[in-house]
Amino acid sequence: MERKIVKLGDEALRKVCKPMQKFDLRLWLLLRDMADTMYKAEGVGLAAPQVGILRRVVVIDVGDGLVELVNPVIVSAEGEQGGGEGCLSIPGKRGYVVRPERVTVKAQDRKGKPFEITAEGLFARAVCHELDHLDGRLYIDIMDHEITEESEQNEEEAEN
Ligand code: ZN
């Protein structure tokens, strides 16, 4: 079931989320609803506070299938990538954000079982973006600059 995505200005986006302690039906319904909401909105990731739930839960799908991360923590990060980034809670805007090229994350699955995953490229960017949400951070806090149609053209020219 699709849930409502809270937008910039909602205080849920600025809270530090609590760890998930129970791995029960309530969590599974949240995960299902978060995936539904992400796919409907055509996003590549969604964090629980974006649907008003202040728990450390995120879903990501950058095109390689759904990844569910409960209580995720980045344990190592390498390299650097700069690129455009948007947020379902800040519709119609994009910013240029520098992120690590590769991150390794420790998390729990929907049953509480610990696992580790290494993400690269867009997947790493999505992991960093979504995990920031769990601590009340948004990409606009760390972006280098906003990407407007004008700045995008300039960047393309600069690349040529
Ligand atoms: Zn976001």
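Structure shown above.
A brief report on the enclosed structure follows. Since the structure is predicted, the reported quantities are computational estimates derived from the model, not experimental observations.

Tallied over the full model, the rule gives 14 salt bridges. Here Arg56 and Asp135 are joined by a salt bridge, their closest N and O atoms 3.1 Å apart. Of the two residues, Arg56 is situated in the loop between β1 (45–47) and β2 (57–60) and Asp135 in the loop between α2 (121–134) and α3 (139–142); the sequence distance between them amounts to 79 residues. Residue classification places Arg56 among the buried positions, given a relative accessible area of 15%. Through salt bridges that share partners, Glu85, Arg99, Arg125, Asp132 and Arg137 make up one connected network.

Relative to the helices and strands, Thr148 resides in the loop between β8 (145–146) and α4 (149–159). Taking the relative accessible area as the measure of exposure, Thr148 reaches 38% and is therefore partly exposed. Taking the C-alpha atoms as reference points, Thr148 and Gly79, separated by 69 residues in sequence, lie 26 Å from one another.

So, on to helix α1 (residues 25–40). Each full turn of the α-helix corresponds to 3.6 residues, which orients residues three or four apart in the same direction. In this model α1 runs 22 Å from its N-terminal to its C-terminal C-alpha over 16 residues, within 8% of the 22 Å that 1.5 Å per residue would give. Among all positions of α1, only Leu27, Leu30, Leu31, Asp33, Met34, Ala35, Thr37 and Met38 are buried. Downstream of α1 by a residue or two, Glu42 has a phi angle that is positive, lying close to 60 degrees.

What follows concerns the pairing of β2. Alternating residues of β2 divide into Val57 and Val59 and Val58 and Ile60, and every residue in both groups is buried. Relative to strand β3 (residues 67–78), β2 is paired through four bridges, and the arrangement is antiparallel. Note that in β3 the partner of Val58 across the bridge is Leu69. Between β2 and β3, which pair antiparallel in sequence order, lie six residues; one of them, Gly63, sits at a positive phi of approximately 115 degrees.

Secondary-structure assignment places Gln50 in the loop between β1 and β2. You can call Gln50 buried: its relative accessible area is 1%. Those residues in contact with Gln50, other than ones at most four positions away along the chain, are Lys4, Ile5, Val6, Leu13, Gly45, Cys87, Leu88, Ser89, Glu130 and His133.

Our focus in this paragraph is the coordination of the zinc ion. All of the protein donors around the zinc ion are Cys87 (SG), His129 (NE2) and His133 (NE2); their distances to the metal are 2.0 to 2.3 Å. Counting gaps between the donor residues of the zinc ion yields the pattern C-x41-H-x3-H. You can see Cys87 sitting in strand β4 (residues 81–87) and its partner His129 sitting in helix α2, a full 42 residues away along the chain. Overall, the relative accessible area of 9% leaves Cys87 in the buried class. Classification of His129 as buried rests on a relative accessible area of 6%.

This paragraph deals with the sheet that holds β3. Taken in spatial order, the five strands make up an open sheet running β1-β2-β3-β6-β7, and their pairing is antiparallel. In the strand order of this sheet, the two ends are held by β1 and β7 (114–120), each with one partner. Shown here is a sheet whose adjacent strand axes are inclined to one another by a mean of 40 degrees, direction ignored. Two strands pair when backbone bridges link them, and β3 and strand β6 (residues 102–108) are joined in this way by six bridges, in the antiparallel orientation. The residue of β6 that forms the bridge with Glu78 is Arg102.

Rules and cut-offs
- Once a new chain begins, its residue numbering starts again from 1 and follows that chain's sequence as written.
- With pLDDT at 70 or above as the cut-off, local features in this predicted model cover only qualifying residues; side-chain atom pairs require 80 or more to be listed or tallied, and sums for whole chains, interfaces and linings still use all residues.
- Computation of side-chain values covers all heavy atoms of the structure but excludes hydrogens and water.
- Every case where a carboxyl oxygen of Asp or Glu lies within 4 Å of a side-chain nitrogen of Lys or Arg is listed as a salt bridge.
- The numbering of helices and of strands both runs from the N terminus, where a helix is a DSSP run of H or I of at least 4 residues and a strand a run of E of at least 2.
- Partly exposed residues are those whose accessible area sits between 20% and 50% of the maximum for their type, while under 20% is buried and over 50% is exposed, using a 1.4 Å probe and protein chains only.
- Each helix should span, by expectation, one fewer than its residue count multiplied by 1.5 Å.
- Here a strand pair is declared whenever DSSP counts at least two bridges between the two strands.
- Contacts between residues were defined by any pair of non-hydrogen atoms, one from each residue, lying within 4.5 Å.
- Atoms are scored as donors when they are N, O or S and lie within 2.8 Å of the metal, with 3.2 Å used for Na, K and Ca; no water is included, so coordination may look incomplete.
- Lines are fitted to the C-alpha atoms to define the axes, a helix being fitted only along its stretch in contact, and any angle between axes, read from their N-to-C directions, falls within 0 to 180 degrees.

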